[in-house]
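What follows is each chain in one-letter form.
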Amino acid sequence: MVLTSSTTVWLRSSVVSVLFSLISERSLRRPIVINLIFASREKPSVLAHGFTHSVPGITLPPGDANLCFHYFPSWSWSVKKTVKRVRLDGEGQSRSHTRFASTMSSDNPSRLLHPAIFPHLKEKIEQETQVKDALTQIVQRLEATNSYAQGLLSRIHATPRQNYPGLLAEVEGEIKKEIEIIRELSDYASQYPYYKYNQKWSWTINQVLFTVILSGFLGGMATETKPGEFGRLLTPDDISEILQVPVNVKDRDVFHITIEEYLTALTMLCDELSRLATNSVTLKDFEQAVQIQSFVKELFGGFLLLNLKNDPLRKRVDGVKYAVKKTEEIVYDLTVRKLVSPPDEASESTKM
């Protein structure tokens, strides 16, 4: 609705408050002027309806309005105060309702949240923090023990094969300590969901598996049913028997070793064996270099049978081909220099 200069709107005093809200929600072409003709006046209120006073605004009947406000002077004071609080911007929109909303929000704070929610959440977070700290302490002890065992194993690159048994005996002593720590980790971690905290120990378990598998390949980790011999690959069942931890558990939520962790340890084994092949040639143990080359090639062929997705394990498996290439180059150089027999001649001599 657009009000012109000659427009006069006659309203009852009971709808004044409604009209104020309507003014604040509508956009007029020109600012609105509100004439208070219903308060106590010295001049007759009828003069407010003259032509000179006819401006775009609100006009109430002089008789009834003035009579009403003579009986209730406090209403007149309230209306005057309300008009002073009205502020019209360039588009004619009022901001008084914003003040009213802010006042109501401060007087009536929200009670939608229960006051005990956040203290309860704080308690849960503190409990989870305690669990993580306890797991971290156990894993750190396991890392320290395994690091020492790997330090002992690193001596194989400068040790002849006939001296492996003494070196492996020291490594197996450290592995027994790791088994005790893993048992403690298993007892504590089995109290909680496995996949909620397994990232705390997953990489450390990979390192432990690598240590055990490499020791088994070099001729260690003998059991009552399977004696130790060079070139033996420990299976997941062998790992479970040695570490006394289940492998690939699906029917219950307990600490266990996953297939992904086992395969990751095998990729680490290939990288270490490719280095050992080079150092074996330095120690003039050419036969060991050839055995390593055959083992790594067969292991890579087994990886190709797996349908791996594009994940970190797939990337590590793709890196095994570089270990295969490195060992093949070593055997090629030995064959060209006639330091080892070609594969066909070696197999025939074995049959004879």
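Residues numbered from 1 in each chain as written. Predicted model: local features only at pLDDT ≥ 70, side-chain atom pairs only at ≥ 80, totals over all residues. Heavy atoms only, no water.

Let me state the cut-off plainly: UniProt positions are given in the numbering used here, feature names are shortened, and annotations may be inferred rather than shown by experiment.
Naming follows an unreviewed UniProt entry, where the protein chain appears as Translin of Lomentospora prolificans. Under the UniProt heading Sequence similarities (unreviewed entry), the entry covering the protein chain gives this text: "Belongs to the translin family."

1. Topic: the overall build of the protein chain
Put simply, the rule reads: Strands are runs of DSSP state E lasting at least 2 residues, helices are runs of H or I lasting at least 4, and numbering of each runs from the N terminus. Exposed residues in this analysis have more than 50% of their type's maximum accessible area, buried residues have under 20%, and partly exposed residues fall in between, with area computed by a 1.4 Å probe over protein chains only. Contacts are assigned to residue pairs with any non-hydrogen atoms lying within 4.5 Å of each other. Reported accessibility uses the Shrake-Rupley method at a 1.4 Å probe radius. Residues are deemed covered only where the shown protein chains occlude them.
Looking only at helices and strands, one finds 14 helices and zero strands in the protein chain. N-terminal to C-terminal, the α/β element order of the protein chain is α-α-α-α-α-α-α-α-α-α-α-α-α-α. The burial tally for the protein chain puts 35% of its 352 residues in the buried class. Long-range pairs, those at least 24 residues apart, make up 69% of the contacts in the protein chain between residues at least 6 apart in sequence. A total of about 22200 Å² of accessible surface is found on the protein chain, and carbon and sulfur atoms cover 55% of it.

2. Quick notes on the pattern of salt bridges
This is how it is decided: Put simply, a salt bridge is a Lys or Arg side-chain nitrogen that is within 4 Å of an Asp or Glu carboxyl oxygen.
Tallied over the full model, the rule gives eleven salt bridges. Between Asp-285 and Arg-161 there is a salt bridge, with its nearest N and O atoms 3.4 Å apart. Of this pair, Asp-285 sits in the loop between helix H10 (259-282) and helix H11 (286-304) while Arg-161 sits in the loop between helix H5 (117-153) and helix H6 (164-189), and the two are 124 residues apart along the sequence. For Arg-161, a relative accessible area of 26% puts it in the partly exposed group. The shortest N-O distance in the salt bridge between Glu-328 and Lys-297 comes to 3.6 Å. In this pair, Glu-328 sits in helix H13 (residues 320-336) while Lys-297 sits in helix H11, placing the two residues 31 residues apart along the sequence.

3. A short note on the nonpolar core
Put simply, the rule reads: By nonpolar core is meant a set of buried Ala, Val, Leu, Ile, Met, Phe, Trp, Tyr and Cys residues that side-chain atoms within 4.5 Å join together.
Formed by 65 residues in total, the largest nonpolar core has its most connected members in Trp-201, Val-212, Leu-218, Ile-239, Leu-243, Phe-255 and Leu-273. In this view, Val-212 contacts Ile-175, Met-221, Leu-234, Ile-239, Ile-242 and Leu-243; residues no more than four positions away in its chain are not counted.

4. Some remarks on a nonpolar patch on the surface
Filter applied, for reference: Residues enter patches when they are more than 30% accessible in relative terms and free of salt bridges; like-charged ones are connected within 9 Å and nonpolar ones (Val, Leu, Ile, Met, Phe, Trp, Tyr) within 5 Å.
Taken together, the side chains of Leu-112, Leu-113, Ile-117, Phe-118 and Leu-121 define a hydrophobic patch exposed on the protein surface, amounting to about 570 Å² of accessible area. For Leu-112, the position within the fold is in the loop between helix H4 (96-107) and H5. Looking at Leu-112, the relative accessible area reads 79%, which means it is exposed.

5. Some thoughts on the packing of H11 against H13
Two measures define how a pair of helices packs: the angle their axes make with one another and the distance between the axes. Under the convention used in this document: Helix axes use the C-alpha atoms of the stretch in contact, all axes being lines fitted to C-alpha atoms, and the angles between their N-to-C directions lie in the range 0 to 180 degrees. Handedness of each helix crossing follows the sense of rotation of the near helix against the far helix: counterclockwise by less than a right angle gives left-handed, clockwise gives right-handed. Note that Gly is not counted as nonpolar here; it falls among the polar residues with everything else outside the nonpolar set of Ala, Val, Leu, Ile, Met, Phe, Trp, Tyr, Cys and Pro and the charged set of Asp, Glu, Lys and Arg.
Two numbers describe how H11 lies on H13: the axes approach to 9 Å, and their chain directions differ by 150°. Crossing of H11 over H13 shows left-handed handedness. For the pair formed by H11 and H13, the contact residues are Phe-286, Ala-289, Val-290, Ile-292, Gln-293, Val-296, Lys-297, Phe-300 and Phe-303 on the first element and Val-320, Lys-321, Ala-323, Val-324, Thr-327, Glu-328, Ile-330, Val-331 and Leu-334 on the second. Within the contact of H11 with H13, the residues separate by chemical class into 13 nonpolar, two polar and three charged.

6. As for the confidence of the model for the protein chain
Cut-off, in case you're wondering: Confidence of the predictor in every single residue is expressed as pLDDT, which spans 0 to 100.
When pLDDT is averaged along the protein chain, the result is 77; 66% of the residues meet or exceed 70. With pLDDT under 50 throughout, residues 1-11 is counted as low confidence; its partners more than four residues away or in other chains account for 26 contacts. Every residue in residues 348-352 is under pLDDT 50, and counting partners more than four places away or in other chains gives zero contacts.

7. Concerning the packing of aromatic side chains
What counts, and what does not: Aromatic rings from Phe, Tyr and Trp, taking only the six-membered ring of Trp, are treated as a pair when their centres fall within 6.5 Å; an angle between ring planes under 30 degrees marks them as stacked, one over 60 as edge-to-face, and anything in between as tilted.
With the rule as written, the count across this model stands at seven aromatic pairs. Judged by centre distance (4.8 Å) and plane angle (90°), the rings of Tyr-194 and Tyr-195 are edge-to-face. Look at Tyr-194 and you get buried, because its relative accessible area is 2%. Here the aromatic rings of Phe-217 and Phe-295 are separated by 4.7 Å at their centres, their planes lie at 55°, and the arrangement is tilted. Here Phe-295 lies in helix H11 and Phe-217 lies in helix H8 (residues 202-217), a separation of 78 residues in the sequence.

8. Regarding the environment of Trp-203
In this fold, Trp-203 is placed in helix H8. Sequence separation of Trp-203 and Glu-261 is 58 residues, and the distance between their C-alpha atoms is 8.1 Å.

9. Some remarks on the side chain of Thr-211
Secondary-structure assignment places Thr-211 in helix H8. Residue Thr-211 is classed as buried on the basis of its relative accessible area of 0%. Apart from the residues within four sequence positions on either side, Thr-211 is in contact with Asn-146, Ala-149, Gln-150, Leu-153, Val-171 and Ile-175.

10. Some thoughts on the packing of H5 against H6
Here is the rule: By the definition adopted for this analysis, an angle is roughly parallel if under 35 degrees, roughly antiparallel if over 145, roughly perpendicular if from 65 to 115, and oblique otherwise.
Between H5 and H6, whose axes approach to 9 Å, the crossing angle comes to 170°. By the angle between their axes, H5 is roughly antiparallel relative to H6. For the contact of H5 with H6, a count of residues per class yields 18 nonpolar, three polar and six charged.

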